[in-house]
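# Coordinate analysis (summary)
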Amino acid sequence: MITVYAASSPNVVKILLALEEMELAYEVKPVDVLAGAQFEPDFRKLSPNAKVPVIVDHADAQQEPVTVFESAAILLYLANKTGSFLQRDEASRLEELQWLMIQVSSIGPMFGQFMHFYRFAPSGNDYATARYRTQVVLLLDLLEARLAHSSWVGGADYGIVDMATFPWARSFLNLFGSNEEENYPKLREWVTRIADRPATARANAATEALARQMTAPQDSQPENLDRVFGRGVYALQSSGPAG
Ligand SMILES: N[C@@H](CCC(=O)N[C@@H](CS)C(=O)NCC(=O)O)C(=O)O
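Quantities reported herein were computed from a predicted structural model and do not represent experimental measurements.

Strand order in the open sheet formed by 4 strands is β2-β1-β3-β4, with mixed pairing between adjacent strands. With partners counted over all chains shown, the strands left at the sheet margins are β2 (26-30) and β4 (66-69), one partner each. Sheet twist, expressed as the mean angle between neighbouring strand axes with direction ignored, is 20°. Sheet analysis places strand β1 (residues 2-6) next to strand β3 (residues 54-57), joined by 4 bridges and oriented antiparallel. Looking at β3, one finds that T3 is bridged to V56.

Okay, structure coming up:
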């Protein structure tokens, strides 16, 4: 049995997709991030950076449970454990790893920062919003170009790279989509292909169940939001350059 510490957020959806595709037994432990549950000392023992997702694999009763944090590390752990959803030959695996790194180093952070300034920051951040919007568009263009030459973002077969990329691409196509239906045809077709998979439907149901247990942004205590976003009294000073 695998325990997944989870919120209803894109980085967690990646893991739910993998667990469902790999048909692994799991239980979900909700971590209410907008109520500050990720900062509890017991959770930080599992997740030093105080973020979900985290898994604890209790599969081997003879061994200590295995704890893994960071979504890409979890996906690689699950792919190695099951021998599935990651290419076996070295050249294809290297190709997949590069696209996995693009997801965790660029797509997640840039899309996340855009969403922060677009949705959560006070007004007056036009520079930041425009900068991150440009980064998002460049990355969506990159994915569109990739899918013109490859069936899947990771390579020839559906795998953990597509699971990592799908939750972010799906929400940004929805957000950017209303005026631009004709844009990103390959990316839209790829999103539909993944959305139509039975395992994706099961992961969506698990995400919706989690969402019902999370504090919504509008219901969050202002102090908790400040802590999550590192602002107000939680904005840290160091000896580094001042803003
Ligand atoms: N690089 C991390 C990012 C994880 C992450 O940002 N998780 C968010 C939810 S999607 C979180 O826990 N946020 C709470 C916080 O930042 O305090 C990963 O890929 O696992």
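Take the domain arrangement of the protein next. Taken domain by domain, the protein holds domain 1 (2-84 + 200-234) and domain 2 (90-197). One C-alpha centre belongs to domain 1, the other to domain 2, and the line joining them spans 21 Å. Residue-level contacts link 20 residues of domain 1 with 19 residues of domain 2. Across the contact surface, domain 1 and domain 2 share 1 salt bridge. With a closest N to O distance of 2.7 Å, E21 and R197 form a salt bridge. Between domain 1 and domain 2 we count 6 residue pairs in polar contact (both at pLDDT 80 or more) in total. Every element with two or more residues in the side of domain 1 that touches domain 2 is listed here: α1 (10-21), α3 (71-82) and α8 (198-211). If one sorts the elements of the side of domain 1 that touches domain 2 by residue count, α1 sits on top with 7 residues. Residues of the side of domain 1 that touches domain 2, tallied by class, amount to 12 nonpolar, 5 polar and 3 charged.

Each value, and the rule that gives it
Residues numbered from 1 in each chain as written. Predicted model: local features only at pLDDT ≥ 70, side-chain atom pairs only at ≥ 80, totals over all residues. Heavy atoms only, no water. Pairing = 2+ DSSP bridges. Helix = DSSP H or I, 4+ residues; strand = E, 2+ residues; numbered from the N terminus. Axes fitted to C-alpha atoms, helices over the stretch in contact; angles between N-to-C directions. Domains from an automatic or database assignment. Contact = heavy atoms within 4.5 Å. Salt bridge = Lys/Arg side-chain N within 4 Å of Asp/Glu carboxyl O. Polar contact = N/O pair within 3.5 Å; in protein donor to acceptor, adjacent residues only side chain to side chain. Nonpolar A, V, L, I, M, F, W, Y, C, P; charged D, E, K, R; others polar.

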